[in-house]
Amino acid sequence: MRHYDVLCVGAGLFSAVVAEQALQRGKSVLVLEKRDHIAGNIYTEKVQGIDVHRYGAHIFHTSNKNIWDYAGQFAEFNHFINEPIANYHGEIYNLPFNMNTFAQMFHIATPQEAQAVLDNERGEVTGEPQNLEEQAIKLVGRTVYTKLVKGYTEKQWGRSCKDLPPFIIRRLPVRMTYDNNYFNDRFQGIPVEGYTAMVENMLRGADVQTGIDFLADKDKWLSAADTVVYTGPIDAYFGWSLGKLEYRSLRFETELLDTDNFQGNAVVNYTAREVPYTRIIEHKHFTFGDQPVTVVTREYPAEWQEGMEPYYPVKDEKNDTLYQKYRELAKDTGVYFGGRLGQYRYYDMDDTIEAALALSKTIL
């Protein structure tokens, strides 16, 4: 087997950045991917001319011009602005919480009126919040919490807001302006040709093998390169020898519909607890498609079980302690652990790129 300068385990965004940086430095690169495709969770596939985000909506946003310019080398981005809406038992509200939301909910018109309503409701919680419910009420009041936070959060985490720690929702964006742009970042958009094409451009020049389970033949692959970057689950790398880290997972239900416009928006959150899914994504609206059909995806949160895809690390004291123990083990391996699973943390795409660029400068 050929020997490489760099081996990247996983073909998601973190690995793609490291691989691209290695190739820029004239190094030989092998990329191994367990799935049958590249691009990890940002993978997009064409269905009837529509770029479908197979693993949920991914909207690139950043305030870092260097990161925006870096990504722009590999894809042309459109001008999509994320303006999700919430559906609570048929009532429609703008997100994030802003003057449009408060006008719809409280039938008021000015920031002063909205502030008075929120301040009055916030007073329900005195002292330090003891759980997520109290924290949310202290931030946005009982009404907004009940209609837009409670059910969605309980579905997402699979437990009552009264049983969740307050730090999960320490900050909730509240705007006293009529501004529906979900992100505050200066730059925002989605690749015109989809994320898969973007990652393909980043990996051009690397040897890429999909359908390869690195952990099934770890010693063989570790000997295949001088430098190894691993982006899979850190606990799985060590055979779960210290125990399993916890995650939340997602199940996606996607269907092609014979209509040109199903919901009129890219993202609609369903915030009532009784609705089993958290949101519906209508993919064509990410790229302003005019196809005669549409593709929608319902997202169902799920407790992670072995064999499922881990999405969201469960950040609590028990899991953080366990991760630190694995991190200590990792120091003796000579392997570099990166990305959402390798570092047991949630990364936005711009954070992923920034972290991968920083690692690349250190190890390449």
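Values in this document were obtained by computation on a predicted structure and should not be read as measured data. (Residues numbered from 1 in each chain as written. Predicted model: local features only at pLDDT ≥ 70, side-chain atom pairs only at ≥ 80, totals over all residues. Heavy atoms only, no water.)

Engineer: Got a minute to help me understand the overall build of the protein chain in this structure?
Structural biologist: In terms of helices and strands, the protein chain carries eleven helices and 16 strands. Since a compact globule built from 364 residues should have a radius of gyration of about 21 Å, the 22 Å found for the protein chain is in line with a globular shape. Dimensions of the protein chain, computed from C-alpha atoms along their principal axes, come out at roughly 70 × 50 × 35 Å. Each of the 364 residues in the protein chain was classed as buried or not, and the buried ones make up 55%. (Helix = DSSP H or I, 4+ residues; strand = E, 2+ residues; numbered from the N terminus. Rg over C-alpha atoms; globule rule 2.2 N^0.38 Å. Buried < 20%, exposed > 50% of the residue type's maximum accessible area, 1.4 Å probe, protein only.)

Engineer: Help me understand unusual backbone geometry in this model?
Structural biologist: Trans is the common state for peptide bonds, and a negative phi is the common state for residues other than glycine. Across the junction of L95 and P96, the peptide omega takes the value -5°, indicating a cis bond. Mapped onto the fold, P96 is located in the loop between β7 (91–94) and α3 (99–106). The phi dihedral of H107 falls on the positive side, at around 55°, and the residue is not glycine. Within the secondary structure layout, H107 lies in the loop between α3 and α4 (111–122).

Engineer: Sorry if this is basic, but what is going on with the packing of helix α2 (residues 65–72) against helix α11 (residues 349–363) here?
Structural biologist: Packed helices, taken two at a time, are described by their axes: the angle between them and the distance between them. Packing of α2 against α11 brings their axes to within 10 Å, and their N-to-C directions diverge by 90°. Considering their axes alone, α2 and α11 lie roughly perpendicular with respect to each other. Residues I67, Y70 and A71 of α2 touch α11, and the partners they reach there are D350, I353, E354 and L357. A per-class count over the contact of α2 with α11 returns five nonpolar, no polar and two charged. (Axes fitted to C-alpha atoms, helices over the stretch in contact; angles between N-to-C directions. Parallel < 35°, antiparallel > 145°, perpendicular 65-115°, else oblique. Contact = heavy atoms within 4.5 Å. Nonpolar A, V, L, I, M, F, W, Y, C, P; charged D, E, K, R; others polar.)

Engineer: What am I meant to see in helix α5 (residues 132–157) here?
Structural biologist: Along an α-helix, residues three or four apart share an orientation, since each turn contains 3.6 residues. If you check α5, its first and last C-alpha atoms are just 11 Å apart, much less than what 26 residues at 1.5 Å a residue would give, namely 38 Å. Most pronounced at G141, the bend in α5 amounts to some 115°. Counting buried residues in α5 gives 19 out of 26 residues, a clear majority hidden from the surface. The distance from a side-chain oxygen at the start of α5 to the backbone nitrogen of E133 is 3.1 Å, and the residue carrying that oxygen is N131. Positive backbone phi, at 70°, marks G158, one or two positions downstream of α5. (Expected span 1.5 Å × (residues − 1). Bend = angle between axes of the 7 residues up to and from the residue. Polar contact = N/O pair within 3.5 Å; in protein donor to acceptor, adjacent residues only side chain to side chain.)

Engineer: It is not clear to me how the side chain of D350 should be interpreted in this structure. Could you clarify?
Structural biologist: Inspection of the secondary structure assignment puts D350 in helix α11. Among buried Asp, Glu, Lys and Arg side chains, D350 stands out as unpaired, with R345 the closest opposite charge at 9.1 Å. In terms of polar contacts, D350 uses its side chain to reach the side chain of T62, at 3.1 Å. Sequence-distant contacts of D350, that is, excluding residues within four places in its chain, are made with F60, H61, T62 and I67. (Lys, Arg positive; Asp, Glu negative; His and termini not counted. Salt bridge = Lys/Arg side-chain N within 4 Å of Asp/Glu carboxyl O.)

Engineer: So what exactly am I meant to see when it comes to the sheet that holds strand β10 (residues 225–230) here?
Structural biologist: Strand-to-strand pairing in sheets goes through backbone hydrogen bonds, with the strands running parallel or antiparallel. Pairing in this open sheet of five strands is parallel, and the strands run β9-β2-β1-β10-β16 from one edge to the other. If you trace the sheet from one side to the other, it starts and ends with β9 (207–210) and β16 (336–337), each paired once. Where strand β1 (residues 4–9) lies against β10, five bridges are found, and the strand directions are parallel. Its bridge partner being in β10, V9 is matched across the sheet by Y230. Against the sheet, helix α1 (residues 13–24) touches β1, β2 (29–33) and β10, its axis set at about 165° to β1. (Pairing = 2+ DSSP bridges.)

Engineer: Looking at this structure, I do not really get the side chain of S360. What am I missing?
Structural biologist: Along the chain, S360 falls in helix α11. The residues touching S360, leaving out its near neighbours within four places in the chain, are V17, V18, Q21 and R25.

Engineer: I would appreciate a short explanation of the environment of P129 in the present structure.
Structural biologist: As for its position among the elements, P129 is in the loop between α4 and α5. Since its relative accessible area comes to 7%, P129 is described here as buried. Separated by twelve residues in sequence, P129 and G141 place their C-alpha atoms 13 Å apart. Excluding residues within four positions of it along the chain, P129 makes contact with E134, Q135, K138 and P166.

Engineer: Mind showing me how you'd approach the environment of T254 here?
Structural biologist: Within the fold, T254 resides in strand β11 (residues 247–257). In contact with T254, other than residues within four places in its own chain, are V295, V296 and T297. In terms of polar contacts, T254 uses its side chain to reach the side chain of T297, at 2.8 Å.

Without other data, these values stay purely geometric and don't point to any function.
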